[in-house]
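What the coordinates show
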Number of protein chains: 2
Amino acid sequence: MPTPLDSDDLLNALRDAGARITKPRRIIIQILADKGDEHPDAMDIFRRAVRQDSRISLPTVYRTLKMLEEHGAIQRHAFVDGRSRYEPADGPHHDHLIDMDTGAVIEFQSEKIERLQEEIARELGYEIVHHRLELYGRKTKV
Amino acid sequence: MPTPLDSDDLLNALRDAGARITKPRRIIIQILADKGDEHPDAMDIFRRAVRQDSRISLPTVYRTLKMLEEHGAIQRHAFVDGRSRYEPADGPHHDHLIDMDTGAVIEFQSEKIERLQEEIARELGYEIVHHRLELYGRKTKV
DNA sequence: TATGTAAATGCAAATTATTTGCAATAAGGA
DNA sequence: TCCTTATTGCAAATAATTTGCATTTACATA
Ligand SMILES: [Mn+2]
Ligand SMILES: [Mn+2]
Ligand SMILES: [Zn+2]
Ligand SMILES: [Zn+2]
């Protein structure tokens, strides 16, 4: 669903923030932009990063992720399994369906649900700043 | 919204599970059933428990909560702040709106949203086992 | 009511994901 | 190329929750 976003966009987010483009950051960003594996957690990213440069450290992965998140370049999701998972904050808003058997994360969007949420909040006298909607399920048997 | 549920119902949940009704459990359950403070976290419960019996321990609070959760007597929610919060699993299903300024937790239910979720999952070939819907917002200015 | 046994407890230590202090390194403007 | 300062890697700190183990307690039975 999300519109394409490549390494360069994430690198620019850092540059705009006046941050230095270091080798570790370049590698981490490249991994985040990879459409191959989506919603990786910090350890996933670390393991892949080490393959490109064995002296990268886990704290640097966390620090880079936090920095990118603070600049709105990536989003962090905390699903029920504990760890945080990350994804480039490009395309339009979407929510997630998690396959309880495989751990696969499927994205979806529902204008209707979004609208209903706003409506409910308004009725309660609130304005939504952000929300979290996660469906946990299993593939329907044929 | 939830239908009233008192200490006895929770105590019975333990009895049914063949568990012993100990003093710490009695106290913890009484705190959970208290309509006064809803969605307390483990530390909230521990602090209140200690007032009734100073030798209660935090591990016992956690162990009791886990046991009650496993037997479906209480529900655990992990909101964005990290800690888990608990509530008796009595009344009908509901979701939560969290006041970002005060931390207050407001309950709501939406048949429409629940139905839309099912629909979305079905279209994706899934059956929902459980879900998490949390709205984070601020009171609308008058 | 007294008693034996397994379940439950309290304490201290372990766990897990993430963060932080600090000395060494490296990015990038001058 | 050089200088300054941000960034790094490492080790140690956090914070919430869990676990090992010796001691206590609930409660079924006598
Ligand atoms: Mn996503
Ligand atoms: Mn609730
Ligand atoms: Zn949404
Ligand atoms: Zn719901």
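What you are looking at is a predicted structure, and each value in this text was computed from that prediction instead of being measured.

Looking at the sheet that holds strand 3 (residues 95–99) of chain B
The 6 strands lie next to each other as 4(A)-3(A)-5(A)-5(B)-3(B)-4(B), forming an open sheet whose pairing is mixed. This sheet does not close on itself; its edge strands, each paired only once, are strand 4 (105–108) of chain A together with strand 4 (105–108) of chain B. On average, each strand axis in the sheet is tilted by 25 degrees relative to the strand beside it, whichever way the strands run. Here strand 3 (residues 95–99) of chain A pairs with strand 4 of chain A via 4 bridges, running antiparallel. In the sheet register, A:Ile98 faces strand 4 of chain A, and the bridge partner there is A:Val105. Relative to the sheet, helix 5 (residues 111–123) of chain A contacts strand 3 and strand 5 (126–139) of chain A together with strand 4 and strand 5 (126–139) of chain B, its axis offset from that of strand 5 of chain A by approximately 135 degrees. Here helix 5 (residues 111–123) of chain B sits on the sheet and contacts strand 4 and strand 5 of chain A together with strand 3 and strand 5 of chain B; the angle it forms with strand 5 of chain B, its principal contact strand, is near 135 degrees.

Let's talk about the relation of the copies chain B and chain A
Superposing chain B onto chain A takes a rotation of 180 degrees plus a shift of 0.0 Å along the axis, which leaves an RMSD of 0.0 Å. Taken together, the rotation and translation describe the operation of a two-fold axis. When each C-alpha of chain B is compared by its distance to the rotation axis, B:Leu133 comes out closest, at 2.2 Å. Comparing interface residues between copies, 100% of those in chain B also lie at the interface in chain A; the contact surface is shared.

Observations concerning the interface of chain B and chain A
Facing 31 residues of chain B, the contacting portion of chain A comprises 31 residues. With both chains or domains summed, chain B and chain A bury close to 3100 Å², and 67% of this area falls on carbon and sulfur atoms. Where chain B meets chain A, there are 2 salt bridges. Among the salt bridges present, the one from B:Glu134 reaches A:Arg132, with a minimum N-O distance of 3.0 Å.

Here we look at the protein's contact with DNA strand C
Lining the immediate surroundings of DNA strand C are 20 residues, of which A:Ile21, A:Tyr62, B:Arg55, B:Ser57 and B:Thr60 lie closest. Among all atoms of DNA strand C positioned within 4 Å of the protein, those belonging to sugar or phosphate total 71%. A:Lys66 is positioned with one of its side-chain polar atoms (N or O) 3.2 Å from a phosphate oxygen of DNA strand C. Between DNA strand C and the protein, one listed contact pairs a phosphate oxygen with a backbone N or O atom of B:Arg20 at 3.1 Å. Elements with a minimum of two residues in the surface near DNA strand C: helix 4 (58–70) of chain A together with helix 2 (23–33) and helix 4 (58–70) of chain B. With 4 residues, the single largest contributor to the surface near DNA strand C is helix 4 of chain A.

Some points on the protein's contact with DNA strand D
Lining the immediate surroundings of DNA strand D are 21 residues, of which A:Arg25, A:Arg55, A:Thr60, A:Arg63 and B:Tyr62 lie closest. In the model, a phosphate oxygen of DNA strand D is placed 2.5 Å from a nitrogen or oxygen of the A:Thr60 side chain. In this structure, a base oxygen belonging to DNA strand D sits 3.4 Å away from a side-chain N or O atom of B:Arg63. Elements that contribute at least two residues to the surface near DNA strand D include exactly helix 2 (23–33) and helix 4 of chain A together with helix 4 of chain B. The leading source of residues in the surface near DNA strand D is helix 4 of chain B, at 4 residues. The class makeup of the residues in the surface near DNA strand D is 7 nonpolar, 5 polar and 9 charged.

Each value, and the rule that gives it
Residues numbered from 1 in each chain as written. Chains lettered and ligands numbered in written order. Predicted model: local features only at pLDDT ≥ 70, side-chain atom pairs only at ≥ 80, totals over all residues. Heavy atoms only, no water. Pairing = 2+ DSSP bridges. Helix = DSSP H or I, 4+ residues; strand = E, 2+ residues; numbered from the N terminus. Axes fitted to C-alpha atoms, helices over the stretch in contact; angles between N-to-C directions. Contact = heavy atoms within 4.5 Å. Least-squares fit on C-alpha atoms with pLDDT ≥ 70 in both. Buried area = accessible area lost by both parts, 1.4 Å probe. Salt bridge = Lys/Arg side-chain N within 4 Å of Asp/Glu carboxyl O. Near = heavy atom within 4 Å. Polar contact = N/O pair within 3.5 Å; in protein donor to acceptor, adjacent residues only side chain to side chain. Nonpolar A, V, L, I, M, F, W, Y, C, P; charged D, E, K, R; others polar.

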